[in-house]
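Okay, here's what each chain looks like letter by letter:
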Amino acid sequence: MIQRIVMKVSTCFRTGVLFCLLMAGSPYGLAEKPVLTDWNYLLSYGQSLSVGWTAKPVVTTEQKNGNLMFKGGVRPFETGNDRSAVIPLVEGVSPDGARGETPVSGAAGNLVRLLKKRASGKASNVRFLCSADGVGGVSIGVLSKGKAPYQRILDDLTAGRELASKAGKSFSMPCFLWTQGETDQQDRKTGEWYKEKMRALIQDIDADAKAVTGQKNDVLCFGYQVSSHLNYFAQNPTDYPAIAVAQLDLALEKDSRYIMTTPMYHFSYSDGVHLTAPMSRLYGEYAGYVMYKVLVEGVHWKPIHPVAHAVGRKGKDWTVDVKFFVPVPPLALDTKMILDPGNYGFSLVNGLGEPLEIKSVTLHGRNVVRIVTSSDPSGSHLRYGMTLKEKLPSGPRTGARGCLRDSQGEKVKTRIQDVVYRMDNWCPFFDYPLEPRNGMNKKESR
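(A) Molecular detail of the sheet that holds strand β15 (residues 355-356). With respect to topology, four strands assemble into an open sheet ordered β15-β14-β18-β22, the strand pairing being antiparallel. The outermost strands of the open sheet, each flanked by one partner alone, are β15 and β22 (430-433).

Written out as structure tokens, the structure is:
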């Protein structure tokens, strides 16, 4: 039986430093257990979504949780790279009018709110020093070490350490937000290429953060799953989201430091590629929630994903029962939030990539999806989020999408501009092989 993997937490406070000590061992095979210091550098890095492209008017116009940014703003590179002081974190529109609300305010704000609520005020010294240093429309290669955008990270770290020292505060970089992949899908990069680049980037940021701050704890990457691949059909004419699948693979690797916070298809977009300002804030709050679960509670976080299956016969038809890892059971097929693209987003293809008819998709119990088909599905692939033939803008009503989610939103919600949002975990796009040797009781995790 699949259960949430939750480690017990022991929390101790020494000289203003919050040590999140995980009694059952540290997640992802980390060299050192996660640590939150007085000031914690939180970077939003990646493509245009990381810097709030089109996300205006901004939502976060006042700071209620003590979080900080450099004097030059949440995107200091826009205003002369002024890192001479820290000021309260608020969002603003860029001088050229192109960029607005970044996800970093939602992430930092939600984590600190959860600390205050669930740690009974003991974490009152914890603050995040936030910066959004990404670049719109670029490959991961342009964001890698040795390139100009990467230098912004080093400059942030150095300035943050010096300012924290002057203020008598401890300083470290526990993690960063990652919002990128669209350009590499457009440029027809392979999943293996992307995973190699992503692992190298995480390792480089980790090494440089340790060199600057002196911290021992590893830097984690809280990323997403890109969902806008159909917008790039003209440049890469395929419905197959190679980069999205690669991001899921990274998140499911043993000891991975790429932690998937959410897929993106359930958010509303301003233009089919970029988020509205409330959605940029909401995406950040998703990231902040997962950051809290990992960094504070010690949860070994994984997204919804298939872990086992069984193929059977039902009269003239065939059935595939697929067991899922579910963060907060039970599963649900939600056609209110997501317009059903057909079969709730599921598809079957044989070894030649040819579609197999799906006759029905139903839920069985708290964590099993049953697919009924007229052909023997053994050796085929079950896919999710790859059913559309139209090349339409991203989002819950038109883009590549699916209807499968868990029930986290029953208890976890947030309010943005007087609108209450459920924060369910939505199933990422996946490509799952129905290997004949697999069975319900044999492959329980990945």
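(B) Representation of the nonpolar core. Ranked by size, the top nonpolar core spans 115 residues in total, and within it Trp 178, Phe 324 and Phe 346 carry the most contacts. Top element by residues in this core is helix α6 (residues 277-295). It accounts for 12 residues. Ignoring sequence-local partners within four residues, the contact set of Phe 346 consists of Phe 324, Ile 358, Val 361, Val 369, Ile 371, Leu 382, Arg 383, Tyr 384, Thr 387, Leu 404 and Phe 430.

(C) Here's a closer look at the confidence of the model for the protein. Chain-level pLDDT for the protein is 90 on average; 90% of the residues reach the 70-or-more range. Below pLDDT 50 for its whole length, residues 1-29 participates in 82 contacts with residues either more than four positions away or in separate chains. With pLDDT under 50 throughout, residues 441-446 is counted as low confidence; its partners more than four residues away or in other chains account for 12 contacts.

(D) Helix α4 (residues 191-213), seen in detail. For α4, spanning 23 residues, the distance from its first C-alpha to its last is 33 Å, which sits close to the expected 33 Å at 1.5 Å a residue. For α4, the full list of buried residues reads Gly 191, Tyr 194, Lys 195, Met 198, Leu 201, Ile 202, Ile 205, Asp 206, Asp 208, Ala 209, Val 212 and Thr 213. One or two steps after α4, the chain reaches Gly 214, where phi turns positive at roughly 80°.

(E) Expanded view of the pattern of salt bridges. Taken as a whole, this structure holds 25 salt bridges when the rule is applied. Glu 297 is the salt-bridge partner of Arg 118, the closest N and O atoms lying 3.4 Å from each other. With Arg 118 in helix α1 (residues 103-118) and Glu 297 in the loop between α6 and β11 (305-314), this pair connects stretches of sequence that are 179 residues apart. Salt-bridge contacts for Asp 334 lead to Arg 405; the nearest nitrogen and oxygen are separated by 2.9 Å. With a gap of 71 residues between them, Asp 334 in the loop between β13 (332-333) and β14 (346-349) and Arg 405 in strand β19 (residues 404-405) connect regions that are remote in the sequence. In this pair, the class of Asp 334 matches that of Arg 405, namely buried. Each of Asp 334, Arg 405, Glu 410, Arg 422 and Asp 424 takes part in a single network of salt bridges with overlapping partners.

(F) Structural view of the sheet that holds strand β4 (residues 39-46). With respect to topology, seven strands assemble into an open sheet ordered β6-β5-β7-β4-β8-β9-β10, the strand pairing being mixed. Whereas interior strands pair on both sides, the edge strands pair on one side only; in this sheet they are β6 (86-88) and β10 (258-263). In this sheet, adjacent strand axes meet at a mean angle of 30° when their direction is disregarded. Relative to β10, strand β9 (residues 220-225) is paired through four bridges, and the arrangement is parallel. If you follow Gly 223 over to β10, its bridge partner there is Met 260. Strand contacts of helix α2 (residues 148-166): β4, β5 (68-70), β6, β7 (127-132) and β8 (171-179), with the helix running at about 170° to β4, the strand carrying the most contacts. α4 rests against β4, β8, β9 and β10 of the sheet, and its axis sits at about 160° to β8.

Parameters and conventions
- Residues numbered from 1 in each chain as written.
- Predicted model: local features only at pLDDT ≥ 70, side-chain atom pairs only at ≥ 80, totals over all residues.
- Heavy atoms only, no water.
- Pairing = 2+ DSSP bridges.
- Helix = DSSP H or I, 4+ residues; strand = E, 2+ residues; numbered from the N terminus.
- Core = buried A, V, L, I, M, F, W, Y, C linked by side-chain atoms within 4.5 Å.
- Buried < 20%, exposed > 50% of the residue type's maximum accessible area, 1.4 Å probe, protein only.
- Contact = heavy atoms within 4.5 Å.
- pLDDT = per-residue confidence, 0-100.
- Expected span 1.5 Å × (residues − 1).
- Salt bridge = Lys/Arg side-chain N within 4 Å of Asp/Glu carboxyl O.
- Axes fitted to C-alpha atoms, helices over the stretch in contact; angles between N-to-C directions.

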